[in-house]
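Fold and contact review
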Amino acid sequence: MTTKTSKEVRLGATGPTVSRIGLGAMGMSGMYGAADDAESTATIHAALDSGVDLIDTGDFYGAGHNEMLIGRAIAERRREDVVLSVKFGALRGPGGTWGGVDNRPEALRNFLGYSLQRLGVDYVDIYRPARLDPNVPIEDTVGAIADLIEAGYVRHIGLSEVGVETIRRAAAVHPISDLQIEYSLISRGIEAEILPVCRELGIGITAYGVLSRGLLSDSIRPGTTFDANDFRAHSPRFQGENLDRNLELVRALGEIATRKGVSVAQLAIAWTLTRGNDIVPVIGARRRTRWAETMGALNISLSDNELSAIESAVPADRVAGERYATAQMAMLDSER
């Protein structure tokens with residue numbers, strides 16, 4: 001039996017009603033080192049049992065492994081109790097090689113057919129290109145997804161990591177439920193232009209990277225090394241002096257968390273929750289203990305003084321290193 005403990009919000013002006021936080025499943029398919037399918041499945045069940053219905057995935061996570069994992073985990077749940085957000089378009093080869101992005105209408109129809117099969121469902125709730133394809137007008141991509149909505153295979157259209165011009169062009173073709181983009185205490189770039197435009201157009205934000213891939217938690221220490229297949233092994237923020245400088249910010253945040261009687265991760269999530277009900281944090285837990293910690297953040301209230309102290313402890317302009325490696329940053333329409 002599902003116990004509703006996470007209040008619900010509307011995702012944008014036209015999107016679905018979702019839980020106040022969502023579960024990001026990417027880490028369950030090896031992006032941060034080895035993961036355990038049994039524990040991942042138990043974590044998905046724990047999230048659903050806690051009243052969280054939004055689950056985010058990508059058809060390229062683990063070359064389809066992530067969707068199959070989720071499909072098995074939700075097989076015995078009522079379809080209407082799960083809001084599936086699926087990204088498409090990233091091309092991966094054997095061994096995880098990168099092949100660019102393909103957002104052509106004929107390609108995305110193909111991708112969706114495979115996703116439905118792997119997830120074991122007959123529709124997805126939100127379908128979104130993972131990155132902007134420079135060779136395909138966003139109008140063509142959004143129009144093709146709109147056709148899939150008409151056919152009953154998709155319910156809503158989302159975007160991911162795109163800038164204001166692309167957002168406006170996409171919204172002119174079809175209502176957009178939400179923009180999925182990195183947003184956290186140390187990744188606040190959307191506040192200047194992207195967030196105001198989304199609010200103007202009635203587009204919600206599903207914020208990923210809220211814990212900055214574990215940096216805003218108790219899991220990273222000075223000198224920490226990462227497996228070669230771990231995203232963080234190639235992320236500038238986790239390298240050498242950058243990591244040391246960033247951990248100083250985390251240490252300062254930790255002092256506030258200690259006084260508050262909460263964990264650093266809970267404080268980082270709670271801060272994001274104060275940014276507005278149109279911002280839904282998607283937290284990448286892959287163990288039940290981490291999910292229980294995540295849920296605890298929903299019960300944290302922060303005063304204006306505490307918010308000021310948090311933001312003074314972690315000034316966005318003192319973060320060391322870009323959020324992606326150079327080649328990946330170049331692919332982000334949101335950073336142009």
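Here is a short report on the structure shown in this document. (Residues numbered from 1 in each chain as written. Predicted model: local features only at pLDDT ≥ 70, side-chain atom pairs only at ≥ 80, totals over all residues. Heavy atoms only, no water.)

Scanning the protein from N- to C-terminus turns up 11 helices and 12 strands. The C-alpha atoms of the protein give a radius of gyration of 19 Å, which matches the 20 Å a tight globule of 336 residues would have. With the C-alpha coordinates of the protein rotated into their principal frame, the extents come out at 55 × 45 × 40 Å. Buried residues in the protein amount to 57% of all 336 residues. Considering only contacts in the protein between residues 6 or more positions apart, those separated by 24 or more positions represent 75%. (Helix = DSSP H or I, 4+ residues; strand = E, 2+ residues; numbered from the N terminus. Rg over C-alpha atoms; globule rule 2.2 N^0.38 Å. Buried < 20%, exposed > 50% of the residue type's maximum accessible area, 1.4 Å probe, protein only. Contact = heavy atoms within 4.5 Å.)

Its location among the elements puts Glu 161 in the loop between β9 (154-160) and α5 (164-173). Relative accessible area serves as the criterion here: at 0%, Glu 161 is assigned to the buried category. Among the polar contacts listed, one links the side chain of Glu 161 to the backbone nitrogen of Glu 182, at a separation of 3.3 Å. (Polar contact = N/O pair within 3.5 Å; in protein donor to acceptor, adjacent residues only side chain to side chain.)

On the basis of which strands lie adjacent, the closed barrel formed by eight strands has the order β3-β4-β5-β8-β9-β10-β11-β12 and parallel pairing. The mean angle between the axes of side-by-side strands here comes to 30 degrees, regardless of whether they run parallel or antiparallel. Bridge count between strand β4 (residues 54-58) and strand β5 (residues 83-88): five bridges; the pairing is parallel. Looking at β5, one finds that Gly 58 is bridged to Lys 87. (Pairing = 2+ DSSP bridges. Axes fitted to C-alpha atoms, helices over the stretch in contact; angles between N-to-C directions.)

Okay, the packing of helix α1 (residues 37-49) against helix α2 (residues 65-74) next. Where α1 contacts α2, the two axes come as close as 10 Å, and the packing angle between them is 55 degrees. Relative to α2, the element α1 lies oblique. Here α1 and α2 pass one another in a crossing that is right-handed. The segment α1 lies against α2, with Asp 37, Ser 40, Thr 41, Ile 44, His 45 and Leu 48 engaging His 65, Leu 69, Ile 70, Arg 72, Ala 73 and Ile 74. (Parallel < 35°, antiparallel > 145°, perpendicular 65-115°, else oblique. Left-handed = near helix turned anticlockwise from the far one by under 90°.)

Here we come to the packing of aromatic side chains. On inspection of all chains with the given rule, the structure shows five aromatic pairs. Taking the centre distance of 4.5 Å and the plane angle of 25 degrees together, the rings of Phe 88 and Tyr 127 count as stacked. Residue Phe 88 is found in strand β5, and its partner Tyr 127 is found in strand β8 (residues 124-129); the two are separated by 39 residues along the sequence. An identical accessibility class is assigned to Phe 88 and Tyr 127; each is buried. A cation over a ring is seen here: Arg 79 above Tyr 123, with NZ or CZ 4.0 Å from the ring centre. Above the ring of Tyr 123, the side-chain terminus of Arg 155 is found at 3.7 Å from the ring centroid. (Phe/Tyr/Trp six-rings, centres within 6.5 Å; stacked < 30°, edge-to-face > 60°. Lys NZ or Arg CZ within 6 Å of the ring centre and 35° of its normal.)

Going through the model one piece at a time under the given rule, you end up with 22 salt bridges. Of the charged contacts, one joins Arg 104 and Asp 102 as a salt bridge, the two residues approaching to 2.8 Å between their closest N and O atoms. Here Arg 199 and Asp 278 are joined by a salt bridge, their closest N and O atoms 2.7 Å apart. Here Arg 199, found in helix α6 (residues 194-201), pairs with Asp 278, found in the loop between α8 (264-273) and β12 (279-283); they are 79 residues apart in sequence, far enough to count as distant. The exposure class assigned to Asp 278 is partly exposed, which follows from its relative accessible area of 21%. (Salt bridge = Lys/Arg side-chain N within 4 Å of Asp/Glu carboxyl O.)

Counting 90 residues, the largest nonpolar core has Ile 44, Tyr 127, Ile 167, Leu 179, Ile 205 and Trp 291 as its most contacted members. Once residues lying within four places of it in the same chain are set aside, the contact partners of Ile 205 are Leu 11, Asp 178, Leu 179, Ile 181, Ile 190, Leu 195, Cys 198, Asp 278, Ile 279 and Val 280. With eight residues, the next largest nonpolar core counts Val 9, Leu 11, Ile 126 and Val 282 among its residues. (Core = buried A, V, L, I, M, F, W, Y, C linked by side-chain atoms within 4.5 Å.)

Residues Thr 166, Ile 167 and Ala 170 constitute the buried set of α5. Projection of α5 onto a plane perpendicular to its axis shows the buried side chains occupying an angular sector of 100 degrees, all on one side. Turned more than 90 degrees off the buried face of α5, the exposed positions are Glu 165 and Ala 172. If you follow the buried residues of α5, they end up packed against α4 (138-151), β9, β10 (178-182) and α6. (Arc of directions from axis to C-beta.)

To continue, consider the side chain of Ser 85. With respect to the secondary-structure elements, Ser 85 resides in strand β5. Taking relative accessible area as the criterion, Ser 85 reaches 1% and is therefore assigned buried. Within the structure, the side chain of Ser 85 is placed 2.9 Å from the side chain of Asp 56, a separation counted as a polar contact. Leave out the neighbours within four places in its chain, and Ser 85 touches Leu 54, Ile 55, Asp 56, Thr 57, Ile 126, Arg 128 and Gln 180.

What follows covers the environment of Ala 172. Relative to the helices and strands, Ala 172 is located in helix α5. Along the primary structure Ala 172 and Lys 260 are separated by 88 residues, whereas in three dimensions their C-alpha atoms are 45 Å apart.

Moving on: the pairing of β4. When you tally the buried positions in β4, you get five out of five residues, the bulk of the element. Residues Leu 54, Asp 56 and Gly 58 of β4 are buried on one face, and the alternating residues Ile 55 and Thr 57, pointing to the opposite face, are buried as well. Relative to β4, strand β3 (residues 22-24) runs parallel, the two being bridged by two bridges. Residue pairing for β4: Gly 24 is matched across the bridge by Asp 56. Regarding topology, α2 serves as the crossover connection from β4 to the parallel β5, and that connection is right-handed. (Right-handed = clockwise from strand over helix to strand, strands pointing away.)

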